[in-house]
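Letter by letter, the chains look like this.
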Amino acid sequence: VRACAGPRLGAAMMEGLDDGPDFLSEEDRGLKAINVDLQSDAALQVDISDALSERDKVKFTVHTKSSLPNFKQNEFSVVRQHEEFIWLHDSFVENEDYAGYIIPPAPPRPDFDASREKLQKLGEGEGSMTKEEFTKMKQELEAEYLAIFKKTVAMHEVFLCRVAAHPILRKDLNFHVFLEYNQDLSVRGKNKKEKLEDFFKNMVKSADGVIVSGVKDVDDFFEHERTFLLEYHNRVKDASAKSDRMTRSHKSAADDYNRIGSSLYALGTQDSTDICKFFLKVSELFDKTRKIEARVSADEDLKLSDLLKYYLRESQAAKDLLYRRSRSLVDYENANKALDKARAKNKDVLQAETSQQLCCQKFEKISESAKQELIDFKTRRVAAFRKNLVELAELELKHAKGNLQLLQNCLAVLNGDT
Amino acid sequence: MAAEREPPPLGDAKPTDFEELEDGEDLFTSTVSTLESSPSSPEPASLPAEDVSTNSNGPKPAEVVLDDDREDLFAEATEEVSLDSPEREPILSSEPSPAVTPVTPTTLIAPRIESKSMSAPVIFDRSREEIEEEANGDVFDIEIGVSDPEKVGDGMNAYMAYRVTTKTSLSMFSKSEFSVKRRFSDFLGLHSKLASKYLHVGYIVPPAPEKSIVGMTKVKVGKEDSSSTEFVEKRRAALERYLQRTVKHPTLLQDPDLRQFLESSELPRAVNTQALSGAGILRMVNKAADAVNKMTIKMNESDAWFEEKQQQFENLDQQLRKLHASVEALVCHRKELSANTAAFAKSAAMLGNSEDHTALSRALSQLAEVEEKIDQLHQEQAFADFYMFSELLSDYIRLIAAVKWEAKVQQGERDFEQISKTIRKEVGRFEKERVKDFKTVIIKYLESLVQTQQQLIKYWEAFLPEAKAIA
């Protein structure tokens, strides 16, 4: 499956979708729209212009347009895989200079397993259903696969756009290499040893986190932010999971309409009485109404579930920032204590002084940028929620009205007949 | 399709032929043992004397002569052989009939025959005419409602009593509006009486609603939860539909048992109403079919009309089952959706609480409220899905099981033509009813969907400005 995730949604791709549900409806730009105030300026514009799904991997074509002197050309493309995005993300996280920023959350791994499994099951069960049913279901599953594909493309794209929009991160060298270097970055999936190291690092971090979060902050702003973020993150997590379940039930109900439509169709064609026309009309209604219901489910998924999922990840990134700041505060306080000790013993005072200075600087630098980052986070969040909630309501209305019209038309015909 | 509109012929009373019963008896008893139903208690004892005479209306004296042999065969027994008695003859006469009656266990046990005096045929005739007239327009002026479920008694002996209200202008009823209290076993008793009288002669007797031990136990034990109220409501609706279908049938409507059921304040307690489950019926149908196949008398298998109908009903049955399964899945998923929407609503409310931007916080709370309302909507829709659509389908699947059996009925040569005529007419009537039924219910169902969409529009229209107000 090839897909264009950018504004140019290839006509070829849309072809097969005519009879199937159009999962991304008007949202060609997918999740990019979540972060509303991303100023894409002429200095640096990044998007994913193409993507190719092969057996196990997805190959993204990252396309850059830039007037910055850092790059050899003004416009160029490279092919990247998911692991390379992760590598880039991790390099930001590990960079001490960026401790004071909210690192844009890494895109989730492309996961077509469920979809592939369903397609396979369908293939196996081909004998047990009518040709018409089979075609219908196949189209549906293919559309689902395509939707997942588009989503993963969008999520990788939004990551790059966030980086490109960030005044500091956009200048990062690794980022430029990622964008420009047209060979494989050879960041093969982490081997076992590295994974284990990661595991221990995270363990220590969370243990640390417990200690550090016990420290009350002198600064009201950060104290408030900490309380807020901890609670918010948990609730967003819960809301995201429940929203997911809701949209999935919605989809199941829509799928049932499909089967009902097929059964009615079978009844309509085998029957010899005049109820046959009736059944056929109702079957048609169910088919059409099902498409709308599937779209409702897809739109809810996009506008609500995905929004919540994204802010789950962002709020985690914000928490990580707070953690890093707390960590540097602890370091600063420890350096103070060490300095006092050194002065008392009158030993290695200069060393202790320098160390203390550095810690102080680091802490203050982080605090300053963190404050701005957190304020920006709020602005982004509010804008994104507003945009998505408005669009959600508008789409729900559109679909409900469409459904209503469909039902009323059908009833008019049926009542006219009887 | 031979859907003649003339009344069933009041043929001559055929002398019963008892010799053939010998073989039939064996067949009968063997089927008895496999069906392990216990004999019913002597009904006649509990029938008030007056009722016997009032109910013994018949167009002509039934040549019902109880014979010792037959009494053995048919255990304890009373059943009026009134109405259309010539068609009733087969029960007394030909060999095949015992094989046929096992379709319902109660007929097995007590295809009750009673010698009676025939009186007041005149009244009966008039009402029959009335009905026959209206039968042409297929509209009988009679309305049945089942309402006010009330728990009577306590513990495991408790039961639900339902009010059965009849509104009618038909003269065969003594009043134009009346109601009685009936319990579930009364309905089953009515069905078993009707089935024993009419099934084997080719009439399609609407099946009674299913028994449910689990559901009923919960009610008895006094569990006042939503599942037991749901159960009672489901049952009430099913009983109502059952009666409505039964009275729509021109022949059944004339049946004195039915009248007694609707009218009399006291009804003899019907016992032995076990095993009238859908599965039970199917088992019985299959056994009856097997028994029939064993018979040496194979009637007119080449009768094209029967073959065609049988095939048609097979297909219809299959299709309906499939449709029913899909609708049941829809009901299930809709309930799930409702639950998940409610959970999401709560979660969104919590999220709104912790959001520190005031306008966004308010909008999220509003979203939670909208979702809560939508959850209610889903619940109501699931209700409609079920009661209108799914129950209709399951009713018909059970009805078709009865009809499929009809097509298999093989009778003694003598009566075959008669029964065949009846069956054809019944099938014709059934198909007409079916068409009407389906159309009405599906249209009602679609209207419920319309309502849901209209509500959705209202809710989202109210929410939109709230979302836009986030500054």
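If you check an unreviewed UniProt entry, chain B appears there as Sorting nexin-2 from Canis lupus familiaris. Check the Sequence similarities (unreviewed entry) section of the UniProt entry for chain B; it says "Belongs to the sorting nexin family."

In the nomenclature of an unreviewed UniProt entry, chain A is known as Sorting nexin of Canis lupus familiaris. Of the comments in the UniProt record for chain A, the one headed Function (unreviewed entry) reads "Involved in several stages of intracellular trafficking." Listed under Sequence similarities (unreviewed entry) in UniProt, the entry text for chain A is "Belongs to the sorting nexin family."

## Section: the overall build of chain A
Counting its regular elements, chain A contains 9 helices and 4 strands. When the helices and strands of chain A are placed in sequence order, the string is β-α-β-β-β-α-α-α-α-α-α-α-α. When the 418 residues of chain A are sorted by exposure, 52% land in the buried category. Within chain A, counting contacts between residues at least 6 apart in sequence, those at least 24 apart form 75% of the total.

## Things to note about the overall build of chain B
A count of helices and strands for chain B gives 17 helices and 3 strands. Counting only residues that meet the buried cut, chain B has 59% of its 471 residues in that class. For chain B, the share of sequence-separated contacts (at least 6 apart) that also reach a separation of at least 24 residues comes to 82%. For chain B, the computed accessible surface area is about 19,400 Å², with 52% contributed by carbon and sulfur atoms.

## Structural notes on the sheet that holds strand β1 (residues 142–152) of chain B
All names here are of chain B. Read across the open sheet, the 3 strands follow the order β1-β2-β3; overall the sheet is antiparallel. Each edge of the sheet is formed by a strand with only one pairing partner; in this case those strands are β1 and β3 (177–183). If you compare each strand with its neighbour and ignore which way they point, the axes differ by 20° on average. Bridge count between strand β2 (residues 159–168) and β3: 7 bridges; the pairing is antiparallel. For R163, the partnering residue across the bridge sits in β3 and is K181. Along the sheet face, helix α9 (residues 184–198) touches β1, β2 and β3 and points at about 100° away from the line of β3. Lying over the sheet, helix α11 (residues 226–248) contacts β1 and β2, oriented at roughly 150° with respect to β1.

## Points about the pairing of strand β4 (residues 75–80) of chain A
Every regular strand shows the same layout, with side chains that alternate between the two sheet faces. Residues and elements named next belong to chain A. Only one face of β4 is buried: it carries F76, V78 and R80, and the other face, with E75, S77 and V79, is open. Two elements, strand β3 (residues 58–66) and β4, share 6 bridges in a ladder whose sense is antiparallel. Following the sheet pairing, V62 is matched in β4 by V78.

## Some points on the pattern of salt bridges
All names here are of chain A. As enumerated under the stated definition, the model contains 45 salt bridges over all chains in all. Measuring nitrogen to oxygen at the nearest pair gives 2.7 Å for the salt bridge that ties E96 to K362. Highlighted residues: E96 in the loop between α2 (82–94) and α3 (113–124) and K362 in helix α9 (residues 349–417), separated in sequence by 266 residues. A salt bridge links E144 to K118; the nearest nitrogen and oxygen atoms lie 2.9 Å apart. Remark: K118 occurs in helix α3 and E144 occurs in helix α4 (residues 131–165); sequence separation between them is 26 residues. A relative accessible area of 40% places K118 in the partly exposed class. In this structure, a network of salt bridges that share partners links the residues K151, D244, D301, D306 and K309.

## With respect to the nonpolar core
Core analysis: the biggest nonpolar cluster contains 106 residues, and F385 and L389 of chain A together with L320, L367, F438, L446 and W460 of chain B have the highest contact counts within it. When contributions to this core are tallied by element, the ones reaching two or more residues are α7 (220–270), α8 (275–345) and α9 of chain A together with α15 (304–354), α16 (358–408) and α17 (413–468) of chain B. Tallying contributions element by element places α16 of chain B first for this core, with 21 residues. Those residues in contact with F385 of chain A that sit more than four places away from it in its chain are Y232, L307, L308 and Y311 of chain A together with L351, L360 and L364 of chain B. Judged by nonpolar contacts, the second largest core, of 37 residues, contains L194, V205, F231 and L267 of chain B.

## Considering the interface of chain A and chain B
Taken residue by residue, the interface counts 62 residues in chain A and 55 residues in chain B. Of the roughly 5,400 Å² buried where chain A meets chain B, counting both sides, 72% is carbon and sulfur surface. The salt bridge involving E394 of chain A is made with K468 of chain B; its shortest N-O contact spans 4.0 Å. Along the contact surface separating chain A from chain B lie 14 residue pairs in polar contact (both at pLDDT 80 or more). Of all the secondary-structure elements, those providing two or more residues to the side of chain A that touches chain B are α7, α8 and α9 of chain A. Among the elements that take part in the side of chain A that touches chain B, α7 of chain A stands out by supplying 25 residues, more than any other. Counted by class, the side of chain A that touches chain B contains 32 nonpolar, 13 polar and 17 charged residues.

## Digging into a nonpolar patch on the surface
Together, L173, V177 and Y181 of chain A make up a nonpolar patch on the protein surface, roughly 290 Å² of accessible area in all. For V177 of chain A, the position within the fold is in helix α5 (residues 173–180).

## Quick word on unusual backbone geometry
Residue N346 of chain A is not a glycine yet carries a positive backbone phi of 55°. Within the element layout of this structure, N346 of chain A appears in the loop between α8 and α9. The class for N346 of chain A is exposed, based on a relative accessible area of 65%. The phi dihedral of D148 of chain B is positive, around 45°, even though this residue is not glycine. Mapped onto the elements of the fold, D148 of chain B is located in strand β1.

## Here's the deal with α7 of chain A
Here α7 of chain A spans 74 Å end to end across 51 residues, near enough to the 75 Å set by a 1.5 Å rise per residue. Between the side-chain oxygen of the N-cap and the backbone nitrogen of F221 of chain A there are 2.8 Å, and the N-cap of α7 of chain A in question is D219 of chain A.

## Comments concerning the environment of L323 of chain B
Residue position: L323 of chain B is located in helix α15. Distance from L323 of chain B to S390 of chain B, taken between C-alpha atoms, is 8.7 Å for residues 67 residues apart in sequence. Not counting residues within four places of it along the chain, the set of residues in contact with L323 of chain B comprises I260, S263, L264 and L267 of chain A together with L393 of chain B.

## Examining the confidence of the model for chain A
Across chain A, the average pLDDT comes to 82, with 82% of residues at or above 70. In this model, residues 1–33 of chain A is a region of pLDDT below 50 whose contacts with residues beyond four sequence positions or in other chains number 69 contacts.

## As for the packing of α4 of chain A against α8 of chain A
Residue and element names in this part refer to chain A. Two elements in contact, α4 and α8, have axes whose closest approach is 12 Å; the angle formed by their N-to-C orientations is 25°. In this view, α4 runs roughly parallel relative to α8, as classed from their interaxial angle. Taken as a pair, α4 and α8 cross one another with a handedness that is right-handed. Across the interface between the two elements, K136, E140, K151, M155, V158 and R162 of α4 pack against D287, R290, D301, L302, D306, Y310, R313 and E314 of α8. Its residues assigned to classes, the contact of α4 with α8 shows 4 nonpolar, no polar and 10 charged.

## Description of the confidence of the model for chain B
Residue and element names in this part refer to chain B. Looking at chain B as a whole, the pLDDT averages 68, with 58% of positions reaching at least 70. In the predicted structure, residues 1–127 sits below a pLDDT of 50 and forms 258 contacts with residues beyond four places in sequence or in another chain. Confidence drops under a pLDDT of 50 for residues 294–299, and excluding neighbours within four residues, the segment shows 10 contacts in the predicted structure. Complex prediction metrics read pTM 0.69 and ipTM 0.83.

## Remarks on the pairing of strand β2 (residues 44–53) of chain A
All names here are of chain A. With respect to burial, β2 is a largely interior element, 8 of its 10 residues being buried. Here β2 pairs with β3 via 9 bridges, running antiparallel. The residue bridging A51 from the neighbouring strand is F60, located in β3.

Here is what the cut-offs are and how they apply
Residues numbered from 1 in each chain as written. Chains lettered and ligands numbered in written order. Predicted model: local features only at pLDDT ≥ 70, side-chain atom pairs only at ≥ 80, totals over all residues. Heavy atoms only, no water. UniProt positions renumbered as here; feature names shortened; annotations may be inferred. Helix = DSSP H or I, 4+ residues; strand = E, 2+ residues; numbered from the N terminus. Buried < 20%, exposed > 50% of the residue type's maximum accessible area, 1.4 Å probe, protein only. Contact = heavy atoms within 4.5 Å. Areas by Shrake-Rupley, 256 points an atom, 1.4 Å probe, with all protein chains shown as cover. Pairing = 2+ DSSP bridges. Axes fitted to C-alpha atoms, helices over the stretch in contact; angles between N-to-C directions. Salt bridge = Lys/Arg side-chain N within 4 Å of Asp/Glu carboxyl O. Core = buried A, V, L, I, M, F, W, Y, C linked by side-chain atoms within 4.5 Å. Buried area = accessible area lost by both parts, 1.4 Å probe. Polar contact = N/O pair within 3.5 Å; in protein donor to acceptor, adjacent residues only side chain to side chain. Nonpolar A, V, L, I, M, F, W, Y, C, P; charged D, E, K, R; others polar. Patch = residues over 30% accessible without salt bridge, like charges linked within 9 Å, V, L, I, M, F, W, Y side chains within 5 Å. Expected span 1.5 Å × (residues − 1). pLDDT = per-residue confidence, 0-100. Parallel < 35°, antiparallel > 145°, perpendicular 65-115°, else oblique. Left-handed = near helix turned anticlockwise from the far one by under 90°.

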